[in-house]
Amino acid sequence: MEAIKQEIELVLRRLLAERYSEAPERVAVEYPPRPGMGDLASPVAFELARRLRRAPRAIAQELAAAFPALAGVARVEAGGAGYLNLYLDRGAAARGLARELSAPPPAPSGDTILVEHTNINPNKAAHIGHLRNAVLGDGLARALRFLGHRVEVQNYIDDTGVQVADVLIGWSEMRQRPLAESRAFEGRIDHHLWDLYAQVTEWYAQDPSRRDLRAAYLKKLEEGTGEVAREAAHLTRRVVRRHLETMARIDVRYDLLPWESDILAFRFWESAFDLLRERGAVKRLESGERAGCWVMALEGPAFESLKEGEKIIVRSNGTVTYVGKDIAYQLWKFGLLARDFRYEVFLQDPDGHRVWSTTRGPGVDPHPRFGGAARVYNVIDVRQAYLQAIVVEGLKALGHAGQAERSVHFSYEMVALTPKSAATLGLSLSDEERSRPYIEMSGRRGLGVKADDLLDALERQALAEVQARHPHLGAGEAAALARLISNGALRYFMIKYTRNKVLAFDFDEALAFEGETGPYLQYAVVRANSIFEKQAASGGPDEAQAARWALEADFDLPPGEAAEEHWTLLMEAARFRETVAQAVETLELSHIAKFAFGLAQRFNTFYHKYPVIKEPDARWKRARVVLTYLFRSQMRRALELMGIAVPPRM
RNA sequence: GCGCCUGUAGCUCAGGGGACAGAGCAACGGCCUUCUAAGCCGUGGGUCAGGGGUUCGAAUCCCCUCAGGCGCGCCA
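The rules behind the values
Residues numbered from 1 in each chain as written. Chains lettered and ligands numbered in written order. Predicted model: local features only at pLDDT ≥ 70, side-chain atom pairs only at ≥ 80, totals over all residues. Heavy atoms only, no water. Helix = DSSP H or I, 4+ residues; strand = E, 2+ residues; numbered from the N terminus. Contact = heavy atoms within 4.5 Å. Salt bridge = Lys/Arg side-chain N within 4 Å of Asp/Glu carboxyl O. Buried < 20%, exposed > 50% of the residue type's maximum accessible area, 1.4 Å probe, protein only. Polar contact = N/O pair within 3.5 Å; in protein donor to acceptor, adjacent residues only side chain to side chain. Near = heavy atom within 4 Å. Nonpolar A, V, L, I, M, F, W, Y, C, P; charged D, E, K, R; others polar. Pairing = 2+ DSSP bridges. Phe/Tyr/Trp six-rings, centres within 6.5 Å; stacked < 30°, edge-to-face > 60°. Axes fitted to C-alpha atoms, helices over the stretch in contact; angles between N-to-C directions. Parallel < 35°, antiparallel > 145°, perpendicular 65-115°, else oblique. Expected span 1.5 Å × (residues − 1). Arc of directions from axis to C-beta. Core = buried A, V, L, I, M, F, W, Y, C linked by side-chain atoms within 4.5 Å.

1. Some words on the side chain of Arg 491
As for its placement among the helices and strands, Arg 491 is situated in helix α18 (residues 475-495). Sequence-distant contacts of Arg 491, that is, excluding residues within four places in its chain, are made with Val 135, Asp 138, Arg 142, Ile 250, Asp 251, Val 252, Met 642, Gly 643 and Ile 644.

2. Comments concerning the pattern of salt bridges
Counted according to the given criterion, the structure contains 54 salt bridges. Residues Asp 453 and Lys 450 are paired through a salt bridge, measuring 3.8 Å at the closest nitrogen-oxygen approach. Owing to a relative accessible area of 34%, Asp 453 belongs among the partly exposed residues under this scheme. The buried category is assigned to Lys 450, whose relative accessible area is 14%. For the salt bridge of Arg 622 with Asp 554, the shortest nitrogen-to-oxygen distance reads 3.1 Å. One end of the pair, Arg 622, is in helix α25 (residues 618-641); the other, Asp 554, is in the loop between α21 (543-551) and α22 (561-573), with 68 residues separating them in the sequence. For Arg 622, a relative accessible area of 24% translates into the label partly exposed.

3. Some words on the environment of His 243
Here His 243 lies in helix α9 (residues 226-249). Between the alpha carbons of His 243 and Ala 302 there is a distance of 34 Å; along the sequence they are 59 residues apart. Excluding residues that lie within four positions of it along the chain, His 243 makes contacts with Ile 120, Asn 121, Pro 122, Lys 124, Ala 125, Ala 126 and Asp 190. One polar contact links the side chain of His 243 to the main-chain carbonyl oxygen of Lys 124, over a distance of 2.7 Å.

4. Brief notes about helix α23 (residues 576-586)
Burial in α23 covers these residues: Phe 576, Glu 578, Thr 579, Val 580, Ala 583 and Val 584. Those residues of α23 that are buried lie in contact with α1 (2-20), α5 (128-146), β12 (375-381), α22, α24 (590-609) and α25. Leu 587 sits one or two positions beyond α23 and adopts a positive phi of about 55 degrees.

5. What to know about the environment of Gln 6
You can see Gln 6 is positioned in helix α1. Separated by 433 residues in the primary sequence, Gln 6 and Ile 439 place their C-alpha atoms 48 Å from one another.

6. Focus on the protein's contact with RNA strand B
Taken together, the neighbourhood of RNA strand B is formed by 68 residues, with Tyr 83, Thr 498, Tyr 523, Ser 530 and Tyr 607 sitting nearest. Of everything in RNA strand B that lies within 4 Å of the protein, sugar and phosphate atoms constitute 66%. Note that a base oxygen of RNA strand B is positioned 3.1 Å from one of the side-chain N or O atoms of Ser 305. At a separation of 3.1 Å, a phosphate oxygen of RNA strand B approaches a polar backbone atom of Gly 515. Broken down by secondary-structure element, the contributors of at least two residues to the surface near RNA strand B are α2 (44-52), β3 (83-88), α13 (385-397), α17 (451-469), α20 (518-538) and α24. If one sorts the elements of the surface near RNA strand B by residue count, α24 sits on top with eight residues. Taken together, the residues of the surface near RNA strand B sort by class into 32 nonpolar, 14 polar and 22 charged.

7. Focus on the pairing of strand β2 (residues 73-79)
Both β2 and β3 contribute to a ladder of six bridges, which runs antiparallel. Along β3, the bridge assignment pairs Arg 75 with Tyr 87. Turn length for the β2-β3 hairpin, with the two strands adjacent in sequence and antiparallel, is three residues, and the turn residue Gly 80 shows positive phi of about 55 degrees.

8. Considerations on the packing of aromatic side chains
Geometrically, a pair of aromatic rings is defined through the distance of the ring centres and the angle of the planes. The final tally for this structure, using the stated rule, is 26 aromatic pairs. For the ring pair Phe 46 and Tyr 83, a centre distance of 5.1 Å and an interplane angle of 70 degrees mean the geometry is edge-to-face. With Phe 46 in helix α2 and Tyr 83 in strand β3, the pair connects residues that are 37 residues apart, well separated along the chain. For the ring pair Trp 269 and Phe 273, a centre distance of 5.2 Å and an interplane angle of 20 degrees mean the geometry is stacked. Taken together, the residues span about one helical turn, with Trp 269 and Phe 273 both in helix α11 (residues 268-278) at a distance of four residues. Like Trp 269, the residue Phe 273 is buried in the burial classification. Ring pairs connect the aromatic residues Tyr 156, Phe 266, Phe 268, Tyr 329, Trp 332, Phe 341, Tyr 343, Trp 356 and Phe 370, which therefore count as one cluster.

9. Digging into the sheet that holds strand β15 (residues 439-440)
If you trace the three strands from one edge of the open sheet to the other, you get β15-β14-β16, paired in mixed fashion. Among the strands making up the open sheet, the edge pair consists of β15 and β16 (503-505).

10. What to know about the sheet that holds strand β8 (residues 294-297)
Here three strands make up an open sheet; going across it, the order is β7-β8-β9 and the pairing antiparallel. Each edge of the sheet is formed by a strand with only one pairing partner; in this case those strands are β7 (283-284) and β9 (310-314). Of the pairings in the sheet, the one linking β7 to β8 comprises two bridges and is antiparallel in character. When the sheet's bridge partners are listed, Arg 284 is paired in β8 with Trp 294.

11. So, the side chain of Arg 499
With respect to the helices and strands, Arg 499 occurs in the loop between α18 and β16. A distance of 2.7 Å separates the side chain of Arg 499 from the backbone oxygen of Leu 587, its partner in a polar contact. Contacts of Arg 499, omitting those with residues within four sequence positions, involve Arg 132, Phe 410, Ser 411, Tyr 412, Glu 413, Thr 586, Leu 587 and Glu 588.

12. Concerning the packing of helix α7 (residues 189-206) against α9
Taken N-terminus to C-terminus, the directions of α7 and α9 make an angle of 115 degrees; their axes are 8 Å apart at the nearest point. The angle between α7 and α9 places the two elements in the roughly perpendicular class. Together, Ile 189, Asp 190, His 191 and Leu 193 of α7 and Leu 235, Arg 238, Val 239, Arg 242 and His 243 of α9 make up the contact between the two elements. By residue class, the composition of the contact of α7 with α9 is four nonpolar, two polar and three charged.

13. Comments concerning unusual backbone geometry
Going from Asp 365 to Pro 366, the amide bond is cis rather than trans, its omega being 0 degrees. In the Ramachandran plot, Thr 118 falls in the positive-phi region, its phi being about 80 degrees despite a non-glycine side chain. Checked against the element boundaries, Thr 118 lands in the loop between β4 (109-116) and α5. Thr 118 sits in the buried class, given a relative accessible area of 3%.

14. Thoughts on α1
Over its 19 residues, α1 extends 26 Å from the first C-alpha to the last, a length consistent with the 27 Å expected when each residue adds 1.5 Å. Turning to α1, its buried residues number three or more, namely Ile 4, Lys 5, Ile 8, Val 11, Leu 12, Leu 15, Leu 16 and Tyr 20. Mapping the buried residues of α1 onto a view down its axis gives an arc of 140 degrees, with all of them on the same face. The exposed residues of α1 that point more than 90 degrees off its buried face are Gln 6, Leu 10 and Glu 18.

15. Quick look at the environment of Gly 72
For Gly 72, the position within the fold is in the loop between α3 (56-66) and β2. As a C-alpha pair, Gly 72 and Gly 96 span 24 residues in sequence and 8.7 Å in three-dimensional space. Apart from the residues within four sequence positions on either side, Gly 72 is in contact with Ile 4, Leu 88 and Asp 89.

16. Brief notes about the nonpolar core
The biggest cluster of nonpolar side chains holds 145 residues, and the ones touching the most others in it are Ile 8, Leu 40, Phe 67, Ile 128 and Met 642. The residues contacting Ile 128, other than those within four sequence positions of it, are Val 415, Leu 417, Met 441, Val 449, Ala 451, Leu 454, Met 494 and Phe 505. Core analysis: the next-biggest nonpolar cluster, separate from the first, contains 41 residues, Leu 306, Val 376, Ile 390 and Leu 398 among them.

This is the structure we're talking about:
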């Protein structure tokens, strides 16, 4: 579809230059809102009207009259108040689109694009906010790969932070149990720590002096030796394995797990600090409240509220802040740090995909090349916008303007609880909280919906639906279907909202399988599959035949009223690639979701109105087979980008 | 205080300079001897928070106001 649009734009540019000596930066070619306004349209005459001081309608008429013969374009008319409406030669255009859509997407090539997402602190279970992060990050990675980029996915593990110290303190100081005993715990350790973390917070509140324990634990963590560090390493690795299990349930995978403790061990920060000092990007304060701190000066409206216009990077006690470590990590991602990690395989998925991890151990050689990316996407919720901006300022201060430009904060709004859903969970809220539109989740308070619990609930619900429809199905098969369907529901739910809207979590909406949901999309493809299965069984044109007809553009559109609906289904399907490109450009993956839903709706209408198998006329049957095939192929691609699988039946 | 985001149908949300503002849910009414009813068709439902401006044209851009949320630490 993009090919013909570009040709039209080219023709219009030439026309504008020749007739009006105009060379606008962009000549829009868009899709008209209603049939009867052509297949494509351009509002270019409106733009010209002002500069030429003439009526847009008259200009559109001139352009229409002067529009040269162009393959695929049947006629051009002025429409509305001054639109240029283009009518395609639909038979020829449909055949062109069929060939275009039959081509496979490009193989990944070129520079690496790095996507960092998930990043769950390894001290508790993943919650629904992490699901939104992972679904968006994984969706972005898939979309980039589809567009032909080489993509590396990293899941950064902050294993040296105060939250990890808190659960260690909870175990050994609050409970008075040896840390090593945690190894004997059976079951979902992350869920257990979820509660422990909330308990420690309570315990601190009862006697705030207990918080003083943190400093000692943090020190032991950062030193990386001794019992606390050893048990912490064991515990956090176990928690991370659990997080990966949770994410595997929704088909989210990673290439590398960089550990913060390794960033410290490999002295990434020292290296970055040298660079920052050499460039004068940080300076040491000699007097005042902040004497002894190394700070970075920041200007601009975004930093207006900053104290003294400076951000502390190194504390007066010599330790580096979170932002400092992040600057070092970001430098490494771009290959701008003269250091690297050692690597080992963390685990291997059943399909052979390997998740690598940084390590202080001997490491494995050879290993894939990590980092050194040309472009970096950090998928983090909007509350981190300020810190992400500081990291970018750090790159600029070091003279890496290009990399700063290509450091993208993929920000999205948080997932929060409605007071209703909090009540469902039996969580205790203050009166003030109950009056709010939504309540922020809090790991410290244990306030939230655990990802596994939501996935469990979805699977139960999906299983009930499957059993109601297919009572004779074996338990294993029914459970497998339920998993695919519940994953479809979850993935779609997390991707359908625009990213800068708070997702106020509601159980009823999350557990829906009808209407604008993942299962609706899956169902449309299952129906298309079923047509091909039935055809193959009865000796009609099967999938392979459909693929040949599409590739060789060997079909005609039917005449009459049906023509419109056949054509629009194909036209809509053909917009997939540009939808993905637009989604990546705007970082708005909901475009892909909306596209898929609209396409499924169109197919369902088509399916209902135009039976394929029973069509007596071989020519029109062929058209329907080809359209069903092309719909399905685009829809499958769309679902794959969203990480949604197609169940064998529903 | 400064910065960012949000406000569109009863609810949850699309649309973010262009043609008559859309979808899902909910409500109501139809459609299963016809490729799977997790579906399809139809009905009702709107001061696009409010006010001013820019424009041939504003839900969309600018300014102000109101309401809600988030961020601004020698936490991560």
